[in-house]
There are 2 protein chains.
Amino acid sequence: MVANRNSIIRLSRYKNALNRLQSLGFVKVFSDNLADAVGCTASQVRKDFSLFGISGNKKGGYQIDNLLEKLQYILGKDKIQKVIIVGAGNIASALMKYKGFEKEGIRLTAAFDIDPSKFKKNNEIPILPLEELKTVVKENQIRIAIIAVPDVAAQQVADLLFEAGIKGILNFAPTRIKSPDDCVVNYVNLEHELENLIYFVNVLDKTKVK
Amino acid sequence: MVANRNSIIRLSRYKNALNRLQSLGFVKVFSDNLADAVGCTASQVRKDFSLFGISGNKKGGYQIDNLLEKLQYILGKDKIQKVIIVGAGNIASALMKYKGFEKEGIRLTAAFDIDPSKFKKNNEIPILPLEELKTVVKENQIRIAIIAVPDVAAQQVADLLFEAGIKGILNFAPTRIKSPDDCVVNYVNLEHELENLIYFVNVLDKTKVK
DNA sequence: TTTTTTTTGCGATTTTTTTCACAAAAAATA
DNA sequence: TATTTTTTGTGAAAAAAATCGCAAAAAAAA
Ligand SMILES: NC(=O)c1ccc[n+]([C@@H]2O[C@H](COP(=O)([O-])OP(=O)(O)OC[C@H]3O[C@@H](n4cnc5c(N)ncnc54)[C@H](O)[C@@H]3O)[C@@H](O)[C@H]2O)c1
Ligand SMILES: NC(=O)c1ccc[n+]([C@@H]2O[C@H](COP(=O)([O-])OP(=O)(O)OC[C@H]3O[C@@H](n4cnc5c(N)ncnc54)[C@H](O)[C@@H]3O)[C@@H](O)[C@H]2O)c1
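In this text the structure is predicted, and so the values were computed from the model without any measurement. (Residues numbered from 1 in each chain as written. Chains lettered and ligands numbered in written order. Predicted model: local features only at pLDDT ≥ 70, side-chain atom pairs only at ≥ 80, totals over all residues. Heavy atoms only, no water.)

### Some words on the site of ligand 1
Line of reasoning, step 1. Around ligand 1 there are 26 residues in total, and Asn 90, Ile 91, Asp 113 and Val 149 of chain A together with Tyr 98 of chain B lie nearest to it.
Line of reasoning, step 2. Around ligand 1 the close residues trace back to chains A and B.
Line of reasoning, step 3. Taking Ile 114 of chain A, its main chain carries an N or O atom lying 3.4 Å from a nitrogen atom of ligand 1.
Line of reasoning, step 4. In the complex, the protein chains occlude 87% of the 820 Å² of accessible area that ligand 1 would expose alone.
Line of reasoning, step 5. If you list the elements that add at least two residues to the shell around ligand 1, you get helix H5 (90-97), helix H8 (151-164) and helix H9 (190-209) of chain A together with helix H5 (90-97) of chain B. (Near = heavy atom within 4 Å. Polar contact = N/O pair within 3.5 Å; in protein donor to acceptor, adjacent residues only side chain to side chain. Areas by Shrake-Rupley, 256 points an atom, 1.4 Å probe, with all protein chains shown as cover. Helix = DSSP H or I, 4+ residues; strand = E, 2+ residues; numbered from the N terminus.)

Below, the structure written as structure tokens:
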């Protein structure tokens, strides 16, 4: 397949930029506007579109509404995506309070924890005992989960999720997850993001001296 | 330079794996152990080390303590890295409560907000008025900042940070930041991470049918 | 109507990244 | 001591990703 992680991330970025342009009243866009907006080259934009079979109009650029529709379809935004969270701690509570997911068609359906003091059955996003996870996943046909438990619990939680039928995990715990072949695990490791930043700040600092 | 974002992220992963192995009592490690631990190939591990001038012992693998030291030096972990946060909202409060950063030599020094109701001068990590940002950055020679403000405020906050002398930003807001040449901006976009996951779950789902 | 200008689409080329493959070193074994 | 085994280190090869370059289409101008 043509798609790799970076190309899909770029599609998400194009989508964001298009939403912004649309809300500013723009109707069409050229590849170099998009390139500007997301920080890549115009030929990268066109190549990405070409690989996904998206075409525009010579000299006319791309119709924003049409382009958005296609990107949204590719990114699975034609339907609401239900997501659960395991581990109702600090990260989870930031995510649950965030209003931006719903706007993007991502619905946090429920959170789960082992600690009974965290349970809140009547919240808008209920926090439920781990024991109910399987039922909720099955009844709602949920395929995506977020892991926000301490690192030591991450693998066992992942195993439970796979058993329940989850196919994709976004893992905040700094632990590599062993997963079945038909499942995907993506990682958000904030320490590593900061280390990365520190490295490149140091590099720039050193090259400046020369 | 040899380094790109992915290779540095891999170094962070090796470091994590090594810490774990060390705490389990291991003293040496082979490239294929590390490959296993982080999910890449053994030759990738050796090539990465080779590019950073790290060498081991033929037939003897790598000395964990020695290797860790070198990785930590490359990743700037030989000194404590002070970091500030702008926007003391949901994300920021999750980050401030997290104990893992200090263990990794990353010290959240202060947070800043424009909303006076958020100020907490006496917290362990104080939440201060934006006006004090410049002074704190200068006095502590801070180079790294995290942006956790609403998207509309992100660019103006970034400009303020650059003016104060910040060289690297980790941006949680879903907005591209225009930055000077000698500064780095990395992005954490959780919507995009979830979209990515959804895309690849859909792809796997479709290929399975065939 | 003809010419010029602009912008796409995509094959070709270049660059970057990953994997391969094997000599060399060193330990283990015979 | 000689042979076998194991593992590194790194050029060479392959694969993947990004960029280039230009024909073709279409709008705008002449
Ligand atoms: N908070 C941050 O800013 C931050 C930053 C980087 C990484 N992380 C990582 O994200 C993860 C979550 O961090 P946090 O700060 O939200 O942690 P937290 O301690 O606030 O929350 C963890 C929650 O998981 C629950 N839990 C523990 N074991 C469980 C299990 N087996 N099943 C279900 N629930 C379980 C706990 O009861 C708790 O409510 C951790 O792995 C952490 O390393 C967090
Ligand atoms: N919370 C999440 O889970 C989540 C998920 C994805 C993305 N994000 C993004 O992260 C950012 C922060 O999200 P949040 O949920 O923490 O938001 P929040 O609304 O809880 O907090 C934002 C804080 O920024 C402060 N602020 C506003 N303008 C400011 C300015 N100019 N200078 C300084 N402070 C200012 C506000 O007073 C508030 O305290 C947003 O851009 C959001 O889109 C958050």
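Now that the structure has been shown, we can carry on.
### Some details on the sheet that holds strand E3 (residues 81-86) of chain A
All names here are of chain A.
Line of reasoning, step 1. Spatially, E5-E4-E3-E6-E7-E8 is the arrangement adopted by the six strands of the open sheet, whose pairing is parallel. A single partner strand is all that each edge strand has here, and the edge strands are strand E5 (127-129) and strand E8 (184-187). Ignoring which end each strand starts from, the neighbouring axes of this sheet average 25° apart.
Line of reasoning, step 2. Docked against the sheet, helix H7 (residues 133-140) engages E3, strand E4 (106-113) and E5, running at close to 175° with respect to E3. (Pairing = 2+ DSSP bridges. Axes fitted to C-alpha atoms, helices over the stretch in contact; angles between N-to-C directions. Contact = heavy atoms within 4.5 Å.)

### Concerning the protein's contact with DNA strand C
Line of reasoning, step 1. Among the 21 residues in the neighbourhood of DNA strand C, the closest are listed as Ser 31, Ser 55, Gly 56, Lys 58 and Tyr 62 of chain A.
Line of reasoning, step 2. Expressed as a percentage, the sugar and phosphate content of the atoms of DNA strand C within 4 Å of the protein is 63%.
Line of reasoning, step 3. One of the side-chain N or O atoms of Arg 46 of chain A is found 2.9 Å from a base nitrogen in DNA strand C.
Line of reasoning, step 4. Here a phosphate oxygen of DNA strand C sits 3.1 Å away from a polar atom, N or O, in the side chain of Asn 4 of chain B.
Line of reasoning, step 5. Listing elements by their share of the surface near DNA strand C, those giving two or more residues are helix H3 (42-51) of chain A together with helix H3 (42-51) of chain B.
Line of reasoning, step 6. When residues of the surface near DNA strand C are assigned to their parent elements, the largest contribution, four residues, is made by H3 of chain B.

### Section: the site of ligand 2
Line of reasoning, step 1. Near ligand 2 there are 26 residues, and of these Tyr 98 of chain A together with Asn 90, Ile 91, Asp 113 and Val 149 of chain B occur at the shortest range.
Line of reasoning, step 2. Close to ligand 2, residues of chains A and B are found.
Line of reasoning, step 3. Within the backbone of Ile 91 of chain B, an N or O atom sits 2.9 Å from an oxygen atom of ligand 2.
Line of reasoning, step 4. Between Ile 114 of chain B and ligand 2, the recorded distance is 3.4 Å, taken from a backbone N or O atom to a nitrogen atom.

### Things to note about the protein's contact with DNA strand D
All names here are of chain B.
Line of reasoning, step 1. Neighbouring DNA strand D are 21 residues, the closest being Ser 31, Arg 46, Ser 55, Gly 56 and Tyr 62.
Line of reasoning, step 2. Of all DNA strand D atoms lying within 4 Å of any protein atom, the proportion belonging to sugar or phosphate reaches 60%.
Line of reasoning, step 3. One nitrogen or oxygen atom from the side chain of Ser 50 is found 3.2 Å from a phosphate oxygen belonging to DNA strand D.
Line of reasoning, step 4. Between a phosphate oxygen of DNA strand D and a side-chain N or O atom of Tyr 62, the distance comes to 2.8 Å.

### Some points on the sheet that holds strand E4 (residues 106-113) of chain B
All names here are of chain B.
Line of reasoning, step 1. The strand order across the open sheet formed by six strands is E5-E4-E3-E6-E7-E8, and the pairing between neighbours is parallel. Edge positions in the sheet fall to strand E5 (127-129) and strand E8 (184-187), since each of these pairs with one other strand and no more. In this sheet, adjacent strand axes meet at a mean angle of 25° when their direction is disregarded.
Line of reasoning, step 2. With three bridges connecting them, E4 and E5 associate as parallel partners.

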